[in-house]
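Letter by letter, the chains look like this.
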Amino acid sequence: MTRKRVAILGATGSIGTQTLDVIDRHRDRFEVFGLLAGSRPLDREARYTIRAADPDAEARVLEMVTHPDCDLVVTALPGARALAPTLAALRAGKVVGLATKEVLVMAGELVMAEAHHRLRPIDSEHSAIWQCLWGEQLDSVARLVLTASGGPFLDRALKDLGTVTPAEALRHPRWSMGPKVTIDSATLMNKGLELIEAHHLFGVPLDRIEVVVHPQSTVHSLVEFSDGSLKAQLGRPDMRLPIAVALAYPDRLPGVVEPLAAAELGTLQFLPLDQERFPAPGLARQAAAAGAPYPAVLNAANEEAVAAFLRGEIPLPGIVQVVESALSAYKGSGSTLEEVMEADRWARDYFHIAAGKVST
Ligand SMILES: NC(=O)c1ccc[n+]([C@@H]2O[C@H](COP(=O)([O-])OP(=O)(O)OC[C@H]3O[C@@H](n4cnc5c(N)ncnc54)[C@H](OP(=O)(O)O)[C@@H]3O)[C@@H](O)[C@H]2O)c1
């Protein structure tokens, strides 16, 4: 079997290091072709090893992901910076394992137009839905059901959310992840971004995608079919599983994680989403319904707001407050890459004007 040569964007991060772990355990099937990292040390060599601070980093990343010897690109950079290399890789005919949901939120139409069945989800919910859909026909899908753990503040008194510290918000009860996605999981903006991601990936209308709170994070998501049956994918909360599925599709790699015995499952809870506590998914729905480039405005305002929260500049509820205000203030339209990037810049500028007005 020829080994698949893999480039990893975000190689030192949570998804990046777990991707390297899967590759290292299956060296008969995969080899590392290239690595892009930010500032943490990269302790291995590859055909391309690129640091964010390298003067020619941007050009070399594009060269790496479009190189004829590169077979598969794993996108695991947080945020908007992942869009350009992901689009370039798809345009060059590569298979892309996509962890960075922001890519589909910003430019879902553009990205899907280039995907041609080569885009494989790594987000655990979307991997679950993808696995439930194998062998099924899309027109028999009635509804997608995304599960949300509810994050660390599922039971915190609403009036106390304003005093939550970054350290508390970074302590996710189930998953160990990078800071941006962990804060998104605390506000449930993560689920809002995932709603938009699922809509584009699977072509299912937004009003047929539901969110249900499932604190155990054992059922990674579900699909309801037109005959009334419901299919789910279950597993331990370990990202190596969806990473392995994306790398090896249509094969399954042996022994990726400890099997989950049915007797271990215990009680699984599914609760409706409390929209007052978690307004972010509703806001994401509205942005998606308004069409491009509103989701890019939502995404960029959220990225800036999360960074400001982590610096201690705005309170946790201020994140969604400022995203909502950016969406109301924005007046624009268009779905080309230039229009999306312009909306992204507008929202970042807007954030810096509006952040001072966020109530503390
Ligand atoms: N972690 C999860 O379990 C999980 C689950 C589902 C989806 N996702 C999605 O996957 C993406 C990555 O998440 P993560 O948790 O892996 O993030 P992370 O742990 O924060 O890692 C981010 C990676 O991107 C690199 N990076 C950051 N800024 C960069 C820049 N300007 N140029 C080049 N490299 C840069 C970081 O490098 P340095 O650290 O070296 O600076 C690191 O390698 C996010 O979009 C997230 O929503 C993650």
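Residues numbered from 1 in each chain as written. Predicted model: local features only at pLDDT ≥ 70, side-chain atom pairs only at ≥ 80, totals over all residues. Heavy atoms only, no water.

Caption draft 1: How the structure looks around the site of the ligand. Neighbouring residues of the ligand: 26 residues in total, closest Thr-12, Ser-39, Arg-40, Glu-102 and Gly-178. Contact distances for the ligand include 2.6 Å between an oxygen atom and a side-chain N or O atom of Thr-12. Gly-13 is positioned with one of its backbone polar atoms (N or O) 3.0 Å from an oxygen atom of the ligand. Burial of the ligand by the protein amounts to 87% of the accessible area it has alone, namely 890 Å². (Near = heavy atom within 4 Å. Polar contact = N/O pair within 3.5 Å; in protein donor to acceptor, adjacent residues only side chain to side chain. Areas by Shrake-Rupley, 256 points an atom, 1.4 Å probe, with all protein chains shown as cover.)

Caption draft 2: Inspection of the packing of aromatic side chains at higher detail. Inspection of every chain in the model, using the stated rule, returns seven aromatic pairs. With centroids separated by 5.3 Å and ring planes inclined at 85°, the aromatic side chains of Trp-130 and Trp-134 adopt a geometry described as edge-to-face. Ring plane angle 80° and centroid distance 5.1 Å describe the contact between Tyr-294 and Tyr-330, whose orientation is recorded as edge-to-face. Taken together, the positions of Tyr-294 in helix α11 (residues 294-310) and Tyr-330 in the loop between α12 (316-329) and α13 (337-354) put the pair 36 residues apart, joining distant regions of the chain. For the pair shown, Tyr-294 and Tyr-330 are each scored as buried. An aromatic cluster is defined as three or more aromatic residues linked by ring pairs; in this entry it consists of Tyr-294, Tyr-330, Trp-346 and Tyr-350. (Phe/Tyr/Trp six-rings, centres within 6.5 Å; stacked < 30°, edge-to-face > 60°. Helix = DSSP H or I, 4+ residues; strand = E, 2+ residues; numbered from the N terminus. Buried < 20%, exposed > 50% of the residue type's maximum accessible area, 1.4 Å probe, protein only.)

Caption draft 3: Structural detail: the packing of helix α3 (residues 83-91) against helix α4 (residues 102-115). Here α3 crosses α4 at 10°, and the two axes come no closer than 10 Å. Judged by the angle between their axes, α3 and α4 are roughly parallel. Here Leu-83, Thr-86, Leu-87, Leu-90 and Arg-91 of α3 come into contact with α4, specifically with Val-103, Met-106, Ala-107, Leu-110, Val-111, Glu-114 and Ala-115. Of the residues that constitute the contact of α3 with α4, the class distribution is nine nonpolar, one polar and two charged. (Axes fitted to C-alpha atoms, helices over the stretch in contact; angles between N-to-C directions. Parallel < 35°, antiparallel > 145°, perpendicular 65-115°, else oblique. Contact = heavy atoms within 4.5 Å. Nonpolar A, V, L, I, M, F, W, Y, C, P; charged D, E, K, R; others polar.)

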